[in-house]
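# Structure at a glance
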Amino acid sequence: CRSVQLSTAHQILQDVADDFVENVAAFACELVRHREGSVLEAKDVQLALEKNWDMRLPGVGDSTAELKAIRKPPQAALEIHRQRMQQVRKTQTRG
């Protein structure tokens, strides 16, 4: 009975891993087409992982400007943006 449970658990984990790899590869291929490329590159996989799964692989694409551009802005910048939006809303309700 225990070996059947382990076998079932193994199969479920294998299916989840297969779906994950297929999802990442499909999105990365879409990125290749979007940039009008013909070769799947590490930066495509890295961008797919960051956009869809919020995952970063250390050492992959670290020097690529495109990957650095998608990093989340610092919290201070988000706070400044939030304050500006509040000011805009206040002026819209007055006018």
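Summarised in this report is the structure supplied together with it. (Residues numbered from 1 in each chain as written. Predicted model: local features only at pLDDT ≥ 70, side-chain atom pairs only at ≥ 80, totals over all residues. Heavy atoms only, no water.)

This part takes up the overall build of the protein. Helix and strand counts for the protein come out as four helices and zero strands. Moving toward the C terminus, one meets the helices and strands of the protein in the order α-α-α-α. (Helix = DSSP H or I, 4+ residues; strand = E, 2+ residues; numbered from the N terminus.)

What follows deals with a negative patch on the surface. A cluster of acidic residues, D15, D18, D19 and E22, forms a negative patch at the surface. Take D18: it is sitting in helix α1 (residues 2-34). (Patch = residues over 30% accessible without salt bridge, like charges linked within 9 Å, V, L, I, M, F, W, Y side chains within 5 Å. Areas by Shrake-Rupley, 256 points an atom, 1.4 Å probe, with all protein chains shown as cover. Salt bridge = Lys/Arg side-chain N within 4 Å of Asp/Glu carboxyl O. Lys, Arg positive; Asp, Glu negative; His and termini not counted. Charge placed at Lys NZ, Arg CZ, Asp CG, Glu CD.)

As a further point, take the packing of aromatic side chains. A ring pair, where both rings are aromatic, is described by two values, the distance of the centres and the angle of the planes. The final tally for this structure, using the stated rule, is one aromatic pair. Ring geometry for F20 against W53: centres 5.0 Å apart, planes inclined by 70 degrees, an arrangement best described as edge-to-face. Of this pair, F20 sits in helix α1 while W53 sits in helix α2 (residues 42-53), and the two are 33 residues apart along the sequence. Here F20 falls in the partly exposed class, since its relative accessible area comes to 27%. Judged by its relative accessible area of 41%, W53 falls in the partly exposed class. (Phe/Tyr/Trp six-rings, centres within 6.5 Å; stacked < 30°, edge-to-face > 60°. Buried < 20%, exposed > 50% of the residue type's maximum accessible area, 1.4 Å probe, protein only.)

Moving on, we get to the nonpolar core. V24, A28, L31, A48 and L49 form the largest nonpolar core, which has five residues in total. Elements supplying a minimum of two residues to this core: α1 and α2. If one sorts the elements of this core by residue count, α1 sits on top with three residues. (Core = buried A, V, L, I, M, F, W, Y, C linked by side-chain atoms within 4.5 Å.)

So, on to the packing of α1 against α2. Where α1 contacts α2, the two axes come as close as 8 Å, and the packing angle between them is 115 degrees. Both α1 and α2 take part in a crossing whose hand is right-handed. Taken together, the residues of α2 that come into contact with α1 (itself represented by F20, N23, V24, F27, A28, L31 and V32) are D44, V45, L47, A48, L49, K51, N52 and W53. (Axes fitted to C-alpha atoms, helices over the stretch in contact; angles between N-to-C directions. Left-handed = near helix turned anticlockwise from the far one by under 90°. Contact = heavy atoms within 4.5 Å.)

Let's shift gears to α2. A rise of 1.5 Å per residue sets the reference length of α2, with its 12 residues, at 16 Å; its end C-alpha atoms lie 16 Å apart and thus fit the reference within 8%. By the burial criterion, the buried members of α2 are D44, Q46, A48, L49 and E50. (Expected span 1.5 Å × (residues − 1).)

Structurally, E50 is set in helix α2. Side-chain polar atoms of E50 contact the side chain of R56, separated by 2.7 Å. (Polar contact = N/O pair within 3.5 Å; in protein donor to acceptor, adjacent residues only side chain to side chain.)

Backbone geometry places E36, a non-glycine residue, at a positive phi of 60 degrees. Mapped onto the secondary structure, E36 falls in the loop between α1 and α2. Classification of E36 as exposed rests on a relative accessible area of 73%. Positive phi, normally seen in glycine, also occurs at D54, with a value near 55 degrees.

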